[in-house]
Amino acid sequence: MKYSAIVLAVLVVAAIAFVVAIARARAAQQGGSVKMHSRIGYYGWYAAIWTLLPALFLVFVWVVVEPIGLSRLIRAELPDNFHTLNAAQRSLIVGQIETISEGLSLLDPAGLDTLKKARLGFKPMSEAQQVLKDQGIVLGSAPEGYAVTAAVKLRDAREWSRMILAGLVGLVVLAGFAYSISSIRPRLRARNFVERVTLGGLIAASLVAILTTLGIVLSVLFETIHFFKLVSLSNFFLGTVWDPRFSAAGSGGAEGQFGLLPLLWGTLFISFVALAVAVPVGLFAAIYMSEYASQRVRNFAKPALEVLAGIPTIVYGFFALITFGPMLRDLGAMVGLNIAATSVLSAGIVMGVMIIPFVSSLSDDIISAVPQSLREGSYGLGATQSETIKRVIVPAALPGIVGAILLAASRAIGETMIVVLAAGIAANLTLNPFEPVTTITVKIVSQLTGDLEFDSPQTLVAFALGLTLFIITLALNVYALYIVRKYREQYE
Amino acid sequence: MTIEATSGIEHHASRLNDPAKLKTRYASEARFRAYGIIALGIALAFLAGLFFSIISNGWSAFLQSEYRLDIYLDPAEIDPEGKRDVTRFGLADYTKMARAALSKAIDLPEKQDRAMKRDLKELLSRAVDVQIRDTVVADPSLIGKTVPIWLLAAGDVDSLLKGAIDRNVPEERRQLNNRQLQWVDKLAADSVLQKRFNSGLFTFGASSQPESSGLAVALIGSFFMMLTVALLAVPIGVAAAAYLEEFAPKSFWTDVIEVNINNLAAVPSIVFGLLGLAVFINFAGLPRSASIVGGLVLTLMTLPTIIIATRAAIRAVPPSIREAALGVGASKIQTLFHHTLPLAFPGIMTGTIVGLVQALGETAPLLMIGMVAFVVDIPTTATEPATALPVQIYMWATSAERGFVERTAGATIVLLGFLFVMNAAAVYLRRKFERKW
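Residues numbered from 1 in each chain as written. Chains lettered and ligands numbered in written order. Predicted model: local features only at pLDDT ≥ 70, side-chain atom pairs only at ≥ 80, totals over all residues. Heavy atoms only, no water.

*Asks:* Honestly, the overall build of chain B in this entry has me stumped. Any pointers?
*Replies:* Within chain B, the secondary structure is distributed over 19 helices and three strands. Taking 437 residues into account, the globule formula puts the C-alpha radius of gyration at 22 Å, and chain B, at 31 Å, lies well above it. Principal-axis analysis of the C-alpha atoms gives chain B an extent of 95 × 75 × 40 Å. Counting over 437 residues, chain B shows a buried share of 51%. For chain B, long-range pairs separated by at least 24 residues make up 76% of all intrachain contacts whose partners lie at least 6 apart in sequence. Accessible area for chain B stands at about 20500 Å²; split by element, carbon and sulfur atoms hold 60% of it. (Helix = DSSP H or I, 4+ residues; strand = E, 2+ residues; numbered from the N terminus. Rg over C-alpha atoms; globule rule 2.2 N^0.38 Å. Buried < 20%, exposed > 50% of the residue type's maximum accessible area, 1.4 Å probe, protein only. Contact = heavy atoms within 4.5 Å. Areas by Shrake-Rupley, 256 points an atom, 1.4 Å probe, with all protein chains shown as cover.)

*Asks:* Quick question: what am I supposed to make of the overall build of chain A here?
*Replies:* Looking only at helices and strands, chain A has 17 helices and two strands in total. Dimensions of chain A, computed from the C-alpha atoms along their principal axes, are close to 90 × 80 × 40 Å. Of all 492 residues assigned to chain A, the portion counted as buried reaches 47%. In the structure as shown, chain A presents an accessible area of about 23200 Å², 65% of it carried by carbon and sulfur atoms. Side-chain charges in chain A split into 36 positive and 30 negative, and the spacing between the mean points of these groups amounts to 13 Å. (Lys, Arg positive; Asp, Glu negative; His and termini not counted. Charge placed at Lys NZ, Arg CZ, Asp CG, Glu CD.)

*Asks:* Is there a simple way to think about the sheet that holds strand E3 (residues 193-197) of chain B in this case?
*Replies:* Strand pairing in a sheet relies on backbone hydrogen bonds. The paired strands run either parallel or antiparallel. All names here are of chain B. One open sheet holds the three strands; their spatial order is E2-E1-E3, and the pairing between them is antiparallel. On the outer flanks of this sheet lie strand E2 (146-152) and E3, each paired with one strand and no other. Strand after strand, the sheet turns through a mean of 40° between neighbouring axes, direction not considered. Across seven bridges, the pairing between strand E1 (residues 63-72) and E2 is antiparallel. Residue pairing in the sheet places Ile-71 in a bridge with Val-147 of E2. Contacting E1 and E2, helix H7 (residues 128-138) crosses the sheet at an angle of about 140° to E2. (Pairing = 2+ DSSP bridges. Axes fitted to C-alpha atoms, helices over the stretch in contact; angles between N-to-C directions.)

*Asks:* Would you mind going over the interface of chain A and chain B with me for this structure?
*Replies:* Interface size is often expressed as the accessible area that is lost when the parts come together. Tallying the contact residues gives 89 residues for chain A and 80 residues for chain B. With both chains or domains summed, chain A and chain B bury close to 7300 Å², and 78% of this area falls on carbon and sulfur atoms. Of the charged contacts in the structure, one is a salt bridge between Arg-25 of chain B and Glu-387 of chain A, with a shortest N-O distance of 2.8 Å. Inspection of the chain A/chain B interface yields twelve residue pairs in polar contact (both at pLDDT 80 or more). Looking at which element gives the most residues to the side of chain A that touches chain B, the answer is helix H7 (residues 190-230) of chain A, with 18 residues. (Buried area = accessible area lost by both parts, 1.4 Å probe. Salt bridge = Lys/Arg side-chain N within 4 Å of Asp/Glu carboxyl O. Polar contact = N/O pair within 3.5 Å; in protein donor to acceptor, adjacent residues only side chain to side chain.)

*Asks:* Explain the domain arrangement of chain B to me, please; I cannot follow it from the model alone.
*Replies:* Structurally, chain B comprises domain 1 (63-198) and domain 2 (216-433). Centre-to-centre, using C-alpha coordinates, domain 1 of chain B lies 45 Å away from domain 2 of chain B. (Domains from an automatic or database assignment.)

*Asks:* What am I meant to see in the packing of aromatic side chains here?
*Replies:* Aromatic ring pairs are defined here through the distance separating the ring centres and the angle between the ring planes. Across all of its chains, the model carries 24 aromatic pairs over all chains by this definition. Ring centres 5.7 Å apart and planes at 80° place the aromatic pair Phe-227 of chain A and Phe-236 of chain A in the edge-to-face group. In terms of burial, Phe-227 of chain A and Phe-236 of chain A fall into one category: buried. Where Phe-223 of chain B meets Phe-224 of chain B, the ring centres are 6.0 Å apart and the plane angle is 50°; that geometry is what we call tilted. Assessed through its relative accessible area of 49%, Phe-223 of chain B is described here as partly exposed. Sitting over the ring of Trp-150 of chain B, Arg-196 of chain B keeps its end group 3.9 Å from the ring centre. (Phe/Tyr/Trp six-rings, centres within 6.5 Å; stacked < 30°, edge-to-face > 60°. Lys NZ or Arg CZ within 6 Å of the ring centre and 35° of its normal.)

*Asks:* Explain the domain arrangement of chain A to me, please; I cannot follow it from the model alone.
*Replies:* Each assigned domain of chain A is listed with its residue range as follows: domain 1 (3-188) and domain 2 (257-490). On a C-alpha basis, the centres of domain 1 of chain A and domain 2 of chain A stand 50 Å from each other.

*Asks:* For this particular structure, what's the right way to read a positive patch on the surface?
*Replies:* Positive charge collects at one region of the surface, where Lys-96, Lys-111, Arg-114 and Lys-117 of chain B lie side by side. Mapped onto the fold, Arg-114 of chain B is located in helix H6 (residues 114-123). (Patch = residues over 30% accessible without salt bridge, like charges linked within 9 Å, V, L, I, M, F, W, Y side chains within 5 Å.)

*Asks:* Would you mind going over the nonpolar core with me for this structure?
*Replies:* Proteins that are soluble and globular tend to have nonpolar side chains buried together. If you look at the biggest cluster of nonpolar residues, it comprises 183 residues, and the most contacted ones within it are Tyr-316, Ile-444 and Leu-465 of chain A together with Tyr-394 of chain B. The element best represented in this core is helix H9 (residues 261-292) of chain A, accounting for 16 residues. Ile-78, Ile-132, Leu-160 and Val-184 of chain B belong to the second-largest nonpolar core, a separate cluster that totals 38 residues. (Core = buried A, V, L, I, M, F, W, Y, C linked by side-chain atoms within 4.5 Å.)

*Asks:* Quick question: what am I supposed to make of helix H9 (residues 178-189) of chain B here?
*Replies:* An α-helical segment advances 3.6 residues per turn. Residues three or four places apart therefore align on the same side. All names here are of chain B. Here H9 spans 16 Å end to end across twelve residues, near enough to the 16 Å set by a 1.5 Å rise per residue. Looking at the buried positions of H9, the neighbouring elements they touch are E1, helix H5 (94-106), H6, helix H8 (155-161) and E3. Trailing H9 by a residue or two, Ser-191 shows a phi angle of about 65°, which is positive. (Expected span 1.5 Å × (residues − 1).)

*Asks:* Please clarify how unusual backbone geometry should be interpreted in this entry.
*Replies:* Glycine aside, residues mostly have negative phi, and peptide bonds are mostly found in the trans state. Residue and element names in this part refer to chain B. With phi around 70°, Asp-107 is a residue other than glycine that occupies positive phi space. Within the fold, Asp-107 resides in the loop between H5 and H6. Here Asp-107 falls in the exposed class, since its relative accessible area comes to 62%. If you check the backbone angles, Ser-191 has positive phi at about 65° while not being a glycine. Checked against the element boundaries, Ser-191 lands in the loop between H9 and E3.

*Asks:* Before we go on, may I ask you to explain H7 of chain A in this structure?
*Replies:* Its 41 residues place the ends of H7 of chain A 58 Å apart at the C-alpha level, agreeing with the 60 Å of an ideal helix rising 1.5 Å per residue. Largest kink in H7 of chain A: about 30°, centred on Val-208 of chain A. (Bend = angle between axes of the 7 residues up to and from the residue.)

*Asks:* Sorry, what's going on with the pattern of salt bridges here?
*Replies:* As a working rule, side chains carrying opposite charge can pair if their charged atoms are close by. Tallied over the entire structure, the rule returns 20 salt bridges over all chains. The residue Glu-291 of chain A makes a salt bridge to Arg-375 of chain A at a minimum N-O spacing of 2.8 Å. Here Arg-375 of chain A lies in helix H13 (residues 372-380) and Glu-291 of chain A lies in helix H9, a separation of 84 residues in the sequence. The same class applies to Glu-291 of chain A as to Arg-375 of chain A, namely buried. For Arg-167 of chain B, the salt bridge goes to Asp-185 of chain B, with nearest N and O atoms at 3.0 Å. Separated by 18 residues along the polypeptide, Arg-167 of chain B in the loop between H8 and H9 and Asp-185 of chain B in helix H9 bring together distant segments of the chain. Looking at Arg-167 of chain B, the relative accessible area reads 37%, which means it is partly exposed. According to the relative accessible area criterion, Asp-185 of chain B is partly exposed, its value standing at 34%. Salt bridges sharing common partners tie together Glu-245, Glu-258, Arg-311 and Arg-315 of chain B.

See the structure below:
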């Protein structure tokens, strides 16, 4: 029996409870001569919640607990030599058992018979494999006899588990239904109950954000700890060579070098170039728009700059790859510079353009928030507009502008698709902006795409890199938001 | 800060009356203004350059060279036993039939040597086999007849017609030889070979040949993901925003939630991908490459955007509305659901669309959860392997062939088109329902 069928049945009963409860409440009203505590609809919701919520909670518990119990069961079934295998082989066998048990329901009696005979040793296992393959269930290799036995056990246990669940859910639903319907009377505070549950739902929704952060920190941290069990801290944080090698199956593969420094350098170098483009352009654009531009120019230029922020980063990356990088290379060749098609410069400039709107729109808000009296005081002393901007407005808005720049920097450091396509993959420790470098994000992508073993340091290093990235950007964000908030308070 | 700034001006003021300095001061004023214009100009020029580059590279992807050939569906080859057995149809050599029809269209002699056969075959896409077979399977009564079918030209022929292959390159370094060029010119002159609207771009799945690869799998995958985001992120986001704005007491915990949401909005998207990989795939055991996992990751990613937008929309509803509702005896929850949320609805919609736009263009987290997959079959449920529009762009962008550059830019135009329509809808909603209180 599938979960979806159970949930669907519960929903149907809840709908019935809703209708029945409304009818009961109407009857209790006695044509309006009795005053009900709540409006009629609330009695319906009251019954529906009592029918639905406990049952759904039970199903949820089952979804979490069942796989754990079942995997215990299988492991108990397997022979002792299974436990001497390494993790990869074990997970392979467990996966095979899972596949076979799912396939069992598709087999006809003859197929099941073949499987049984193969399990008992009367027929070769390859025949069992063939029978399964005819039903579209492909196994990598012929299964062992115990795997088939375990698969049969697994299927039976799962069917039992679902039967028990269906029975329990039926009981809970009926109990909720009976209780809620029988408790409907004029003085029942149905609205208060429904509203308490609703408020609980709202609170739960706002906790999702907390859970997400917690999930990020815990999952990444957990895998990172796993990584540092295999690779030393100094190899990662102080290493200057990035050469993770490929993980050979079963070898443990800890001989690679996982130096963070070249990646960190590449990240910072590209971000620096990006900021060198975005800060002057974004700042001057913001100053021009808030202090000089006519309303017409503003109406056109502000949305146009925001378009830059709305373009997906993959589009910037593609642009850097096919147009901007080659263009820079050709320009460089004209003046005798040797610029690689994927270089710090091309990735940095394109990324700089991407973050212009982050600098400009926040700076624009901040500059506009500087009190008019400061401007007027400066004009009154005879200063020109540009002198006022340079000596009064920008200094007054400086903390906010710095906050905006830090936010932009955090964007640049965490940006992925532009650098994946336009920065190159070789980990270079170079000062030359015409050469390719690679970044933390690029390496996270390249270590995790493709089929990799999950327990190897080659894969786990991506989580260590992710944690580094998360901490750097988090620190920048927290500090920037703190500055911006403090600045806002200053003029409020 | 302000005091220092003003004292600077006072110091400066003593020199302000010097007429000799006035000229340089005005010049510096003009320069400063010019810097602003230049900065704005650089940003806008870059924007224009980007659009120009994408469109000039990609518009031709919406056209595809195809041959209109009269194919003789030979019963001896397709269905020798005459049983109309569909599984038998798959074994026939349709490429041979297409080649025969092509050679007839060029007026070549019946007897051909091996080199000639190869040259002919190279003009046809490898997908013609499937194209003819699908026609036969769809209507077996056509067997034995000669039917006109539009067949895909090879990628090189397509590139030649679009001017991407230089005819002046020496023959041995050119993708098509002189004889093939002659044939193509003849076919084009006879209108057998034409450029038609490329419907395959929207109906094909993944393929190793550019001419037979399309966005169907990516479009369906992106659709499922947007559906997941809309179904999960919107209710959760609105509920969270309503709680924080209307109910939350000012306490340490609500402060934590607030700071948290602001920070989540700025966490690099790739970190959400790591979360998805560790939690949804490794821990919860959901399938890799499935659009439901992509949808869940994007939901978590867009949640802060939707919460922040919804809070702003709820805050914009004047307190007098709430007070009036409470005054006539509504409870706080009733006030929220009957008055505040309906009045904030346009703002919530706009915020939702902004969140969906962000989710539709996001690539990096999807790479982490294995959406970089070669998926040929169009998925019908959200648990089957799929790709997404930006991921498809990434995959094509990293292929070397010239034909794929064109497809990549074409796919980018499609993506930008979707984003444009969604943004336009957001602007329209804002204009239409904007209310001044």
